Amino acid sequence: MGSLSNEFKEEVKERIDIVDVISDYVQLKKSGKNYKGLCPFHQEKTPSFTVNPANQFYHCFGCGAGGDVFSFLMEIEHITFFESLKMSAERIGMEMPNQSERQKQISNIRDKIFTINNLSARFYNYLLLEHEIGNKALQYLKNRNFSEDDIKKYNLGFAPDKWTALYKFLNNKGYTKDEMVKAGLVIKKSEQKFYDRFRNRIIFPIFNSRGEVLAFGGRIIDDNIDQPKYLNSPDTIVYDKSDNLYGLNWAKNQLRKSDSAIVMEGYTDVLTAHMNGIENVVASLGTSLTKKQAKLLKRYVSRVYIAYDSDTAGAKATLRGLEILKDKGLTVKVIKLPEDTDPDDYLKSKGREKFLNLKEKSLSLIEFKVDNIISNKELKNADDKINTTHKIVDVLAEITDPIEREVYTKKIAKKVDLDNTILYKEVEKRREKFKNKKSKNKRKKYNNYNNTSSYSKENLFKNIPEIERKIIKAYIDYPEYRVFIKNNVQKKHFINKITKKIWSKLISLEKNQNINKLFSEVENEKLKNIFMKLTVAEKSEIDKPMLKAYLSQLKKNYRYRYKFQLYKKLQKTDISLENLNSILISYQKLFSG
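Quick look at the structure, then. Because the structure is predicted, anything quoted here is derived from the model rather than measured.

1. A closer look at the sheet that holds strand β11 (residues 230-232)
In step 1: In space, the four strands of this open sheet follow the order β6-β9-β10-β11, with antiparallel pairing throughout. Looking along the sheet, the strands with just one partner apiece sit at the ends: β6 (157-159) and β11. Strand-to-strand, the axes of this sheet are offset by a mean angle of 35°, without reference to chain direction.
In step 2: Taken together, the seven bridges between strand β9 (residues 201-207) and strand β10 (residues 213-220) define a ladder with antiparallel strand orientation. In the sheet register, I203 faces β10, and the bridge partner there is G218.
In step 3: Against the sheet, helix α11 (residues 267-275) engages β9, β10 and β11, with an angle of about 75° to β9.

Structure, rendered in structure tokens:
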């Protein structure tokens, strides 16, 4: 953040009420000294989302999301750290101080581009609805079941068939050529020649989740013209097409409510779905989902249905998207449309209920992969059947659940007219090959973890011994005991690696120093996650005698471990006299101190 001081960030964090901010998005209820609610980042029925106002942290014990007010705003609003800081400062009436010239320039151009985009959307919408130049485009939309109310709701517009219509409009508003180019709305041909990017096209503004215009998509109104059917804004300082979803601003509430998203390909697909009352629909702003878009979807839902066009390109894009979504831990299904149709066509010709029936019959990832392998193949030729079956075996062998694997094997054996027992044996053989390939990597992984449990966020927390958690928690919650704990505890007393790292960080805290500053300096995400869990956990009532008992137990555990290590060394038959003497001295020191 350059010259924006840490002091300013900390002051914003100190002055802002994290409970007040999060309450704008989550219904919170008091629970002891904390607040609880349903997590906005995953679907749940029992509240596991906790906000700790004393330390200005939040943490979800269900999905692991957590952090401070800035990270909450970044995640929920899908904005940068700078934007979250600015948003928080404005909320409490603080001005952003001491920005470098570079930061001021970036901030100003972002603000100007948002303003230019919003003005341009209004300009295009006005030409479509109020000016005769937009009559043809308006009739085109009406012929496709868009009413004027729909056009207003989705802020559709029209870019006229003129080289400099928008350029002149924005120029009259005082914006420079450079700003228009940076917004992606005007193209620079030479030092003196600039022209509009969008001409003679219906305009679809692309919004972020807060309803601000990020970019635009334009569709030709005459399919006979030799031009790309769709033209989109380039990536800009405010827009990255790989990290946004068209329609998210209208769909986000229904996404959370239904815990599912339907991903389509085009703007009109999305709008037609919404106009038919199917409101958990977004588009991927391209023919294939990206990892960033999958991560964005996971913030809202746990299930995703893909409803791309039924052509070959659509099938390939679907397959890529399914793998990306699966890798992000989402449940994925495919809504299979009839040949040569897209969601827009199908909804208009068949209606909402028929589309929802297709959704009910949607294919799983495995079924779609197999369908893709055997599509348009007669399988009467022996070679074709053998090659196809081997490909299917590879797909079935990827299924880890044995019951699921058996069910799919039986189902697909019928489909390809094969004996179920033979197919199942081939699948199991293939799985053995997969296991052998993975075994070397697994051994390396286990060695790296020194035979400890899985390094997941949940296990990391559970693997911390209770006595170590209590002492760390006491150090966090009771500043008045910090000196006493520090004088009686050493890093070697902890057995857990994570606890050792947290302790190393904690002992740098002054007696009355706020934990927030320390948290902001932790860069390791796993460590930060444990830190948050410990911080937001309910504060236990601890007095000095109880604390002494905890410390005594910690040291007792340490002595027992150390004694066991010495005992193991004494078991060695080839121990030298010098080493034996050293072990005995260590043993004596252990119980004399």
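2. Some thoughts on the packing of helix α21 (residues 466-477) against helix α23 (residues 497-506)
In step 1: Two numbers describe how α21 lies on α23: the axes approach to 11 Å, and their chain directions differ by 20°. Judged on the interaxial angle alone, α23 and α21 are roughly parallel. In terms of crossing hand, the pair formed by α21 and α23 is left-handed. Where α21 abuts α23, its residues E468, I472, Y475 and I476 lie against T499, I502, W503 and L506.
In step 2: Partitioned by chemical class, the residues of the contact of α21 with α23 number six nonpolar, one polar and one charged.

3. Let's talk about the side chain of D269
In step 1: Mapped onto the elements, D269 comes out in helix α11.
In step 2: Within the buried core, D269 has no salt-bridge partner, and the shortest N-O distance to an opposite charge, that of K348, equals 7.9 Å.
In step 3: Polar contacts involving the side chain of D269 include one to the main-chain amide nitrogen of G266, which spans 3.0 Å.

Conventions we followed
Residues numbered from 1 in each chain as written. Predicted model: local features only at pLDDT ≥ 70, side-chain atom pairs only at ≥ 80, totals over all residues. Heavy atoms only, no water. Pairing = 2+ DSSP bridges. Helix = DSSP H or I, 4+ residues; strand = E, 2+ residues; numbered from the N terminus. Axes fitted to C-alpha atoms, helices over the stretch in contact; angles between N-to-C directions. Contact = heavy atoms within 4.5 Å. Parallel < 35°, antiparallel > 145°, perpendicular 65-115°, else oblique. Left-handed = near helix turned anticlockwise from the far one by under 90°. Nonpolar A, V, L, I, M, F, W, Y, C, P; charged D, E, K, R; others polar. Buried < 20%, exposed > 50% of the residue type's maximum accessible area, 1.4 Å probe, protein only. Lys, Arg positive; Asp, Glu negative; His and termini not counted. Salt bridge = Lys/Arg side-chain N within 4 Å of Asp/Glu carboxyl O. Polar contact = N/O pair within 3.5 Å; in protein donor to acceptor, adjacent residues only side chain to side chain.

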